[in-house]
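Spelled out from the first residue to the last, the chains are:
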Amino acid sequence: MKQFIARRIGYSLLSLLLLSLTIFLFIRLTGDPASLLAEPGASAADIAAIQKKFGLDQPVWYQYIYFMGNLLRGDLGESFYYQTPVLELYLSRLPNSLLLASVAMSFSLLLGIPTGILAAVRVGRFWDTVGKFFALLGLSLPSFLVGLLLILFFSVYLEWLPSSGSGGFLNLLMPAFALGWYFAAAHMRLTRSSMLEVMGSEYIKLARLKGLPEFKVIAKHAFKNALIPVMTLAGINLINMINVAVVVETVFAWPGIGRLLYEGISFRDFPIVQGVVIIGGSMIVAVNLLVDIVYAFVDPRIRLEA
Amino acid sequence: MLNSTRNSASSDVMPPLLELRNLSTHYVSASGSRVVRAVDDVSLTLHAGDTVGIVGESGSGKSSLALTLLRVLPPAGRIVSGQMLLDGDDLVPKPENEMRRIRGKKIGMILQDPMASLNPLFTIGDQVGEPLREHEGASRSSAWKRAIGLLKSVRIPSPETRVTQYPHEMSGGMRQRIVGAIGISCEPRLLIADEPTTSLDLTIQLQYLNLLRDLQKEHNLGLIFITHNLGIVAKMCNFLAVMYAGKMVESGPVSQVFNNPAHPYTEALLSSIPRMTENRRRLTAIEGQPPDMSNLPPGCAFAARCPRAFDRCRTEEPPVFTPAPGQTARCWLVAPESRATGAVS
Amino acid sequence: MSVTARDTAVANAGSVREWLRDVPAIPFLILGCIAFAAIFADFLAPYDPQFGSLTDRFKPPFWQHGGSLAHIFGTDHLGRDVYSRLIFGARVSMVVGFTAVIVSGVIGTVLGIVSGYLGGWVDQVIMRLTDTWLALPALTFAIFLAAIVGPSEMNIVIILAAVYWTRYARIVRGEVLSLKEREFVRLAVVAGCSKISIMRRHILPNVVNSSIVLATLMLGVVIVTEASLSFLGVGVPPPKPAWGVMLSDGKQGLMVGYWWLTVMPGVCIMLMVLSANLLGDWLRVKLDPQLRQL
Ligand SMILES: Nc1ncnc2c1ncn2[C@@H]1O[C@H](COP(=O)(O)OP(=O)(O)O)[C@@H](O)[C@H]1O
Ligand code: SF4
Ligand SMILES: [Mg+2]
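Since we're looking at a predicted model, the values are computed, not measured.

From N to C terminus, chain B includes 13 helices and 12 strands. The buried share among the 345 residues of chain B stands at 55%. Sequence-distant contacts, at least 24 apart, represent 64% of the contacts inside chain B between residues at least 6 apart.

Right under this line is the structure:
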C-alpha cells in the first residue's frame, strides 16, 4: 500500500516535470520566446530587457532551471493587461468557475445517471436505443454550439433568460446546461457500461438466487456498486469542467477561468495563457493522484496488488 | 430409475424432491444465428437426502443446468422445453413472482466463485440475513441474530464480530462458508453447489466438503454437487451424472457407474481420476478438444474423441439406453441390439 | 475471443458487397455530400465566400420575409453569401479534419508500436509523455499551442496532431503488448527477423484496424476542436470561411435574431460530427469489438 502510494506520487511528480518541460520547450519551439513574453508592440529595448530578465541569453538548461524556480515559487509572471500576478487573477476567477462547474456537474449527473441505468436495465431495447442516440448527440454537439442555440431560443425568442454575465441564478442556467450537456453524455455512457458490468457479476447472480425482486437487486445491490466509477469520473470531470469551460464561458461572458484564458488569447497576454495551462495541468495530475490513492483505500484489490 | 442403494425410504409414496424431464436450455446470440444447446434433453431424479454429483469438462453445461433449475439464466439463455418438477410441481411455467419465492427459500445455491459472490459494499450480516428478511419477513434485528447463528453453523469463529465486517476482510475459505450459510439460511429442501471448492486450497477444500456433508445430513437436504473432480464425487455423492456437450451421457448410482461405466467418456474420466492431492490436474487428461457447442457434429458429440467410435456414431445420435437397472447411458455400445450381437468394439 | 472477432472481420472484408450492405446509409451519405461540396466548392458556390457587398448585409434565407433566391441561406454582417461560405467551409473542415486525423494517427500508431514492442526505457518515456499529455485538457492544450504558433490552417493541423496522437499511442501500445505474446510474432523472432521488420510486417498490419476505427471516432473530436479554436479566434484565420469562424461572426447578429448565421454553420458541424461518430461506432463494432469500451 505504502509502496503503491509512493510509486503513484513518483509518477505524478514525473508527470509534472514532463508537463513543465513540454510547456517550456513548446514556448522555445517558435524561436524567440521574448516575443511571446513581451507585450505586443514592445520596443527592441523592452525585448532585450525581457531577455535579460528571463535569462534568455543564457544556455537552455539554465533557462529551464530559472523557469522551474519561478514555477515552484508560484510565480507565473504578471499579466500585461491587468498588471497583476497571474496566480492572483486565477484565484480571483476560480470561485466563479467552481460555481459553474458544480451546477453543470449536478445537471450532468441528474441527467446521465438515471438514463444510464435505464439503458442498462433495458439493454438492447427501446430505451437503450434512445439513450444511445442522446449520448451520441451529446458527444456530437459542441458545447459552444449548444450555448449559442440556447441563447437564440431562451434569450432572443422567449426572452426568459439573460444571455450573458453573472450574478443571479438565472445567469447560471444556460451556461451550466451547455457545459453539462457533453458530460451528461459521458456520464450516461459510463453509468450504462458500469451498470452492465455489475449486473453481470456473481454477487448480482447471488442476489437473484436469494429470491430478491428485480427492483431490489438493482436498487440495492447494483446501483451502489455501479456508481463508484461514475462518481470517480465525476470528481475528475469537475476539474476538467473548470478547464474546458473556455468556450462556454466565452459564449456567455461568464467571468471564470475559461474567460480569463480567452482574454489572454485575445489580448495576446501570454503569461495568462501559460499560467492557466500550467495550473490546469497540475490540477488534473493532482486529482488523478488523489483518485488513485482514495481508490487504493476503498478497493481492497488494489491494496493487495501493491 | 432409482434403486435400492439410495437412502430415501419413502420414494414410492411421495413424489421425488426434484424430477427433471427432458429439460433443454439454449443460448441464442443477439442476431439469432448462433445457438448453443447448453442443456439438451436432460432427465434426472433426486430424493431428499440424496447427493447427485454432476461432472463434466468445462463448458459441458453444468452451470447452465444449475441456473436453469433456479431460472436465473443470463439474458441470452432460454428454457426451450422440458419440465422441472419440485415436489411434483413444475417450475418451468411458473410466473416470475412465484419463482422468486422458491429461490433462496426452497432451493439454495452456492456459486462457483466465493471471491466474487459477495457484494463488496454490504456487511456480512446484511447479506446473510437478506433471504430471511425477504422470505420470512424477519425484522432487521432478528435477521441479524439469525445470521450470527448461521455463521456459527458453518463454523466461522467469532461470528458476532464477523457479521459486522465486509467481504474483503475475509479469506477465500471463509467467504465460501458465508456463501454456504446464505444458501441454507431459509432451510431449503434442495441445495445446489456449483464447483464450490475449485478456487480453495486443499485443506480448506476438505474442511468445506465435510461441512457440506454434515449440513446435508443435518437438514436432510437434497444436494446437487457440481464438480470437475471425480474423487470428490466418490467421497460426497451417491448418484452420479456425467455431462458432455450439454447432454447427460451417463447417470447412475456412484458405485455402479464407477465399477461398470457404460459410456466411453465416463470410462476415460475414471481412468484419469485426479486424487484429492492433485488439485491442479483437472479432467484434462482426455485427448482432443471438447466440441464447439454452437456447431455440434451430427451423431454422437463424443465421436471425434472416442476410442471406440464406429460408423453409426458419426451419423446417428445415440438415444438414452438403460444398460443396467438404475443406470442410463447415451452410447451406441450399450444399445440392446449391439449388445445382443456383441459385434462392436 | 478477439482472434475470432478479427478473423471474422477479415473474412467479411472479402465480400465487399455484403460489407457495404449494412453500412449506415445516412451518415455515409451526409459525409459523402460534405466531401462532394468540399471538392467541387468552386463550381457549387454561387459567390465568392470572402467578399460581399455591404448593401446586402444580414439578408435572411429566401423563405423569410426580405430574403431572396439570390442568397438562399441569407448573408452575413459583411454581406457575404452564407451558402457559399458553408460550401467552402466544408473544404476547410474536411482538409483540416482528415489531415489532422491522419497525421496524429500515423504518429500515434508508430510511437505506440515502438513503445509496446521495444518496451524498456523507450516505453517508459513514451508512456509517461502520453500520460502527461492526456492529463492536459485537449482544448486548453490546443489553445496554448495556438497562442504560441499563431493562427493558420497549417498550424491547426500541427496543433491537433500534437494534441491527439497520444490516444492512438495508448491503444496501439496495449494491443502490441498482447500481440507480442502471440505465436506468429514469436515465430518471427525465432526465425531471426529484425525488430524493424517484425514491427512493420507482423505488428503493424494487426493494429491498423484499431487505428482506423479510432481515427474515424477522432474525426468528430478533431472537427469540434478545430471549430472551437476558430470560434475563439485562434484557429483558422478570419476571412477564411471555416464553420467555427462563421459561428464566431454570427455572434454579432445573434442578439437581434439573425438566427441563420448561427444555425446554418451549427447544423453543418453537427451533421458532420454526428455522421463521423455514427460511422465510427459502426466501424468499431465491425472491425474491432475490443474497442467497445472506449
Ligand atoms: N451467457 C451465455 N451466452 C452464451 N453462451 C453461454 C453463456 N453462458 C454459457 N454459455 C455456453 O454454454 C455452454 C455451457 O456453459 P456452462 O454451463 O458454463 O458450462 P460448465 O459450467 O459446465 O463449465 C458453454 O459452451 C458456454 O460457452
Ligand atoms: S456412441 Fe459411439 S462415439 Fe459416442 S461414445 Fe458411444 S461409442 Fe463413442
Ligand atoms: Mg461452470
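The next point concerns the overall build of chain A. In terms of helices and strands, chain A carries 14 helices and zero strands. Overall, chain A shows an N-to-C arrangement of helices and strands of α-α-α-α-α-α-α-α-α-α-α-α-α-α. Summarising its shape, the C-alpha atoms of chain A cover approximately 80 × 60 × 30 Å along the three principal directions. For chain A, buried positions account for 52% of its 306 residues. Taking all contacts inside chain A whose residues are at least 6 apart in sequence as the whole, residues at least 24 apart take part in 72%. Between the averaged position of the 23 positive side-chain charges in chain A and that of its 18 negative side-chain charges there is a distance of 15 Å.

This part takes up the side chain of S60 of chain B. Residue and element names in this part refer to chain B. Following the sequence through the fold, S60 ends up in the loop between strand 3 (51–55) and helix 1 (62–70). Accessibility expressed as a relative area gives 4% for S60, which makes it buried. Polar side-chain contacts of S60 include one of 2.7 Å to the backbone oxygen of E57. The contacts of S60, once residues within four sequence positions are left out, are A38, M243, Y244, A245 and G246.

What follows concerns the environment of R140 of chain B. Looking at the element boundaries, R140 of chain B is found in helix 5 (residues 140–153). Sequence separation between R140 of chain B and P95 of chain B is 45 residues, and the spatial gap between their C-alpha atoms is 28 Å.

Residue and element names in this part refer to chain C. A cluster of nonpolar residues, F36, I39, F40, F43 and L44, forms a patch on the protein surface that exposes about 540 Å² of accessible area. Elements with a minimum of two residues in the nonpolar patch: helix 3 (25–39) and helix 4 (41–44). In this structure, F36 sits in helix 3.

Another point: the pairing of strand 1 (residues 18–28) of chain B. Residue and element names in this part refer to chain B. Bridge count for strand 1 against strand 2 (residues 35–46) is eight bridges, and the pairing is antiparallel. The residue of strand 2 that forms the bridge with T25 is V39. Counting the residues in the hairpin turn of strand 1 and strand 2 gives six residues, including G32, whose phi is positive at 85°. One ladder, built from eight bridges, connects strand 1 with strand 4 (residues 77–86); its direction is antiparallel. Looking at strand 4, one finds that Y27 is bridged to G77.

At the junction of the two partners, chain C supplies 42 residues and chain A supplies 46 residues. Counting the surface lost from both chain C and chain A, the interface buries some 3,900 Å², and carbon and sulfur atoms represent 80% of this. On the surface where chain C and chain A come into contact, there are one salt bridge. Between D281 of chain C and R189 of chain A there is a salt bridge, with the nearest N and O atoms lying 4.0 Å from each other. Between chain C and chain A we count two residue pairs in polar contact (both at pLDDT 80 or more) in total. With 11 residues, helix 12 (residues 260–287) of chain C is the single largest residue contributor to the side of chain C that touches chain A. Among the residues forming the side of chain C that touches chain A, the class breakdown is 29 nonpolar, nine polar and four charged.

To continue, consider the sheet that holds strand 5 (residues 89–90) of chain B. Residue and element names in this part refer to chain B. Strand order in the open sheet formed by four strands is 2-1-4-5, and the pairing between neighbours is antiparallel. Strands with a single pairing partner mark the edges of an open sheet, and in this sheet they are strand 2 and strand 5. On the sheet, helix 1 packs against strand 1, strand 2 and strand 4 and is oriented at approximately 110° with respect to strand 1.

Opposite the 25 residues of chain B that make contact, chain A presents 18 residues. Carbon and sulfur atoms supply 64% of the area that chain B and chain A bury against each other, a total of about 2,100 Å² over both sides. Summed over the three residues of chain B that lose the most area to chain A, namely L121, E130 and E134 of chain B, the buried surface amounts to 25% of that side. The tally of links from chain B across to chain A stands at four salt bridges. K210 of chain A is paired through a salt bridge with E130 of chain B; the nearest N and O atoms lie 2.8 Å apart. In this assembly, chain B and chain A are joined by 11 residue pairs in polar contact (both at pLDDT 80 or more). At the level of secondary structure, the elements contributing two or more residues to the side of chain B that touches chain A comprise helix 1, helix 3 (114–117) and helix 4 (124–136) of chain B.

All names here are of chain C. Counted at 1.5 Å a residue, the expected span for helix 7 (residues 138–149) with its 12 residues is 16 Å, and the 16 Å between its end C-alpha atoms agrees. Of all 12 residues in helix 7, 11 are buried; the element is thus mostly enclosed. Residues of helix 7 that are buried: A138, L139, T140, F141, A142, I143, F144, L145, A146, A147 and I148. Once helix 7 ends, the next one or two residues include G150, with phi positive near 80°.

Quick look at the arrangement of the chains now. Ranking the two pairs of chains in contact by contact count places chains A and C at the top. For chain B and chain C, which are not in contact, the least C-alpha distance works out to 13 Å.

Let's shift gears to the pattern of salt bridges. All names here are of chain B. Tallied over the entire structure, the rule returns 32 salt bridges over all chains. The salt bridge partner of R330 is D41, with a shortest N-O separation of 3.0 Å. Here R330, found in the loop between strand 12 (327–329) and helix 13 (336–341), pairs with D41, found in strand 2; they are 289 residues apart in sequence, far enough to count as distant. When its relative accessible area of 6% is taken as the criterion, R330 is described as buried.

The extent of an interface is frequently quoted as the accessible surface area lost upon association of the parts. The domain boundaries assigned to chain A delineate domain 1 (2–72) and domain 2 (90–266). The centre of domain 1 of chain A, based on its C-alpha atoms, is set 36 Å off from the matching centre of domain 2 of chain A.

So, about the site of ligand 1. Residue and element names in this part refer to chain B. Taken together, 13 residues lie around ligand 1, and G59, G61, K62, S63 and S64 are the ones closest in. A distance of 3.1 Å is found between an oxygen atom of ligand 1 and a backbone nitrogen or oxygen belonging to G61. If ligand 1 stood free it would expose 560 Å²; the protein chains cover 67% of that surface. Counting only elements with at least two residues in the shell around ligand 1, the list comes to strand 2 and helix 1. Of the residues assigned to the shell around ligand 1, the class counts are five nonpolar, six polar and two charged.

All names here are of chain C. Along the chain, R80 turns up in the loop between helix 4 and helix 5 (82–118). Looking at R80, the relative accessible area reads 4%, which means it is buried. Engagement of the side chain of R80 in a polar contact is seen with the side chain of D249, the distance being 3.3 Å. For R80, the residues in contact, after removing those within four places along its chain, are P49, Q50, F51, G52, G74, T75, R85, P239 and D249.

The next subject is the packing of helix 5 of chain C against helix 11 (residues 243–254) of chain C. When two helices pack together, their arrangement is given by the angle between the helix axes and the distance between those axes. Residues and elements named next belong to chain C. Axis separation between helix 5 and helix 11 bottoms out at 8 Å; the angle between their running directions is 140°. As far as their axial angle goes, helix 11 and helix 5 are oblique. Contact with helix 5, carried on its side by V82, R85, L86, G89, A90 and S93, involves W243, V245, M246 and D249 of helix 11 and no other residues of that element. Looking at side-chain class alone, the contact of helix 5 with helix 11 contains six nonpolar, two polar and two charged residues.

Another point: the pairing of strand 7 (residues 190–194) of chain B. All names here are of chain B. Of all five residues that make up strand 7, five are buried, and the element is covered over most of its length. Neither face of strand 7 is open: one carries L190, I192 and D194, the other L191 and A193, and all of them are buried. Bridge count between strand 6 (residues 107–110) and strand 7: four bridges; the pairing is parallel. Bridge pairing in strand 7 places I107 opposite L190. Bridging between strand 7 and strand 8 (residues 222–227) involves five bridges; their strand directions are parallel. If you follow L190 over to strand 8, its bridge partner there is G222.

About the cut-offs
- Residues numbered from 1 in each chain as written.
- Chains lettered and ligands numbered in written order.
- Predicted model: local features only at pLDDT ≥ 70, side-chain atom pairs only at ≥ 80, totals over all residues.
- Heavy atoms only, no water.
- Helix = DSSP H or I, 4+ residues; strand = E, 2+ residues; numbered from the N terminus.
- Buried < 20%, exposed > 50% of the residue type's maximum accessible area, 1.4 Å probe, protein only.
- Contact = heavy atoms within 4.5 Å.
- Lys, Arg positive; Asp, Glu negative; His and termini not counted.
- Charge placed at Lys NZ, Arg CZ, Asp CG, Glu CD.
- Polar contact = N/O pair within 3.5 Å; in protein donor to acceptor, adjacent residues only side chain to side chain.
- Patch = residues over 30% accessible without salt bridge, like charges linked within 9 Å, V, L, I, M, F, W, Y side chains within 5 Å.
- Areas by Shrake-Rupley, 256 points an atom, 1.4 Å probe, with all protein chains shown as cover.
- Salt bridge = Lys/Arg side-chain N within 4 Å of Asp/Glu carboxyl O.
- Pairing = 2+ DSSP bridges.
- Buried area = accessible area lost by both parts, 1.4 Å probe.
- Nonpolar A, V, L, I, M, F, W, Y, C, P; charged D, E, K, R; others polar.
- Axes fitted to C-alpha atoms, helices over the stretch in contact; angles between N-to-C directions.
- Expected span 1.5 Å × (residues − 1).
- Domains from an automatic or database assignment.
- Near = heavy atom within 4 Å.
- Parallel < 35°, antiparallel > 145°, perpendicular 65-115°, else oblique.

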